Amino acid sequence: MSSFTGWRVLVNFLLPPPMLLTFLLVLPFPRNVRKGILLFTSKVLNFPVLGGIKFVHMALILSGVPLADSGFRTFRSAQEALDHELTPNQRISVLAKKWREERNFWIAAMAFTLWCLLTVLYAQVGHALRVADSLDRVQAELNEVKGVKPATPATTKMSNMAGNAASNVAGAASNVADAAGNAANTVAERLGFGKKVDAGDELCAVGDRGNATESFEADLTPAGPTVGGARRRVVGKA
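What you see is a predicted model; the values in this text were computed from it and never measured.

Chemist: Could you give me a rundown of the pattern of salt bridges, with the residues and numbers involved?
Modeler: Under the counting rule described, the total for this entry stands at four salt bridges. Of the charged contacts in the structure, one is a salt bridge between Asp-69 and Arg-73, with a shortest N-O distance of 3.0 Å. You can see Asp-69 and its partner Arg-73 sitting in helix H4 (residues 55–79), four residues apart, about one turn around the helix. Residue classification places Asp-69 among the partly exposed positions, given a relative accessible area of 38%. Judged by its relative accessible area of 35%, Arg-73 falls in the partly exposed class. Through salt bridges with shared partners, a single ionic network connects Arg-31, Lys-35, Asp-133 and Asp-136.

Chemist: Could you give an account of the packing of aromatic side chains, naming the residues involved and the relevant values?
Modeler: What the rule picks out here adds up to two aromatic pairs. With a centroid separation of 5.6 Å and 70 degrees between ring planes, the pair formed by Phe-55 and Trp-115 is classed as edge-to-face. In this pair, Phe-55 is assigned in helix H4 and Trp-115 in helix H5 (residues 88–146), connecting sequence segments 60 residues apart. Trp-115 carries the same exposure label as Phe-55, and that label is buried.

Chemist: How would you summarise the packing of H4 against H5 if you had to cite specific residues and measurements?
Modeler: Pairs of packed helices are described in terms of their axes, by the angle between the two and the distance that separates them. In the contact formed by H4 and H5, the axes pass within 8 Å of each other and the chain directions differ by 150 degrees. Overall, the two elements H4 and H5 adopt an arrangement that is roughly antiparallel. Handedness of the crossing formed by H4 with H5: left-handed. Class assignment of the residues belonging to the contact of H4 with H5 gives a composition of 13 nonpolar, eight polar and four charged.

Chemist: Requested: an account of the nonpolar core, with residues and values cited.
Modeler: With 24 residues, the main nonpolar core has Leu-10, Leu-25, Trp-115, Leu-118 and Val-125 as its most contacted residues. Going through the elements one at a time, helix H1 (3–14), helix H2 (16–26), helix H3 (31–45), H4 and H5 are the ones with two or more residues in this core. Among the elements that take part in this core, H5 stands out by supplying 10 residues, more than any other. Once you skip the residues sitting within four places of it in the chain, Val-125 turns out to touch Leu-25, Arg-34 and Leu-38.

Chemist: Explain a positive patch on the surface to me, and be specific about the residues and the numbers.
Modeler: On the surface, a cluster of positive charge is contributed by Arg-76, Lys-97, Arg-100 and Arg-103. At three residues, the largest contribution of residues to the positive patch is made by H5.

Chemist: Summarise the confidence of the model for the protein; cite the residues concerned and give the values.
Modeler: In this model, the protein carries a mean pLDDT of 77, and residues with pLDDT of at least 70 account for 70%. Low pLDDT, under 50, characterises residues 194–238; the predicted model gives this stretch 32 contacts beyond four residues in sequence or across chains.

Reading the values: rules and limits
- Residues numbered from 1 in each chain as written.
- Predicted model: local features only at pLDDT ≥ 70, side-chain atom pairs only at ≥ 80, totals over all residues.
- Heavy atoms only, no water.
- Salt bridge = Lys/Arg side-chain N within 4 Å of Asp/Glu carboxyl O.
- Helix = DSSP H or I, 4+ residues; strand = E, 2+ residues; numbered from the N terminus.
- Buried < 20%, exposed > 50% of the residue type's maximum accessible area, 1.4 Å probe, protein only.
- Phe/Tyr/Trp six-rings, centres within 6.5 Å; stacked < 30°, edge-to-face > 60°.
- Axes fitted to C-alpha atoms, helices over the stretch in contact; angles between N-to-C directions.
- Parallel < 35°, antiparallel > 145°, perpendicular 65-115°, else oblique.
- Left-handed = near helix turned anticlockwise from the far one by under 90°.
- Nonpolar A, V, L, I, M, F, W, Y, C, P; charged D, E, K, R; others polar.
- Core = buried A, V, L, I, M, F, W, Y, C linked by side-chain atoms within 4.5 Å.
- Contact = heavy atoms within 4.5 Å.
- Patch = residues over 30% accessible without salt bridge, like charges linked within 9 Å, V, L, I, M, F, W, Y side chains within 5 Å.
- Areas by Shrake-Rupley, 256 points an atom, 1.4 Å probe, with all protein chains shown as cover.
- Lys, Arg positive; Asp, Glu negative; His and termini not counted.
- Charge placed at Lys NZ, Arg CZ, Asp CG, Glu CD.
- pLDDT = per-residue confidence, 0-100.

Spelled out as structure tokens, the structure:
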């Protein structure tokens, strides 16, 4: 692996795919979307390259070899002591070589770690999705045995709407009953009845003079027996 071509392949082709796929697998997408991402990841990891070698195996090899090489070079350059007789330009050249080896080491380490992490995460996410599907099948079988219809988003929405409508109707009926009771109490108080009417009760107010209807008619009748007798007397005198 040459210094230029090898690191260019590692940085441009072996580092971005595991980073992107790992990021997509950890996002909380819906189950169907995660299944699609898992299927795409499976095709990338299991893509055949040479014979029985898959793309994930080649990626681990191509990122593991530079990691071992750069690690050895970084350790060896760290053990070298700087000569105090070096000129500033020579000193900068030696330090630049050390920094380059350390940079290459961390790039290779990150690429190798990401491919390992992607492999493990792919297996764990696939296992979690299979367990979730199994739980859904078991729940569906239990509902079928119990005779319970599975709750779908549409039925759940309709149930919530029906419950809200029933609550609104009950509240409106209660408000109407309260308003009717208050109106009845107001009428009874103005007519001088002694008993107030509560919400939902019958309007059966009874005054001090007996039945409310009879009292009301007596108050509205100006000509009673006395008035009739007075009329007869006046007619007789005439």
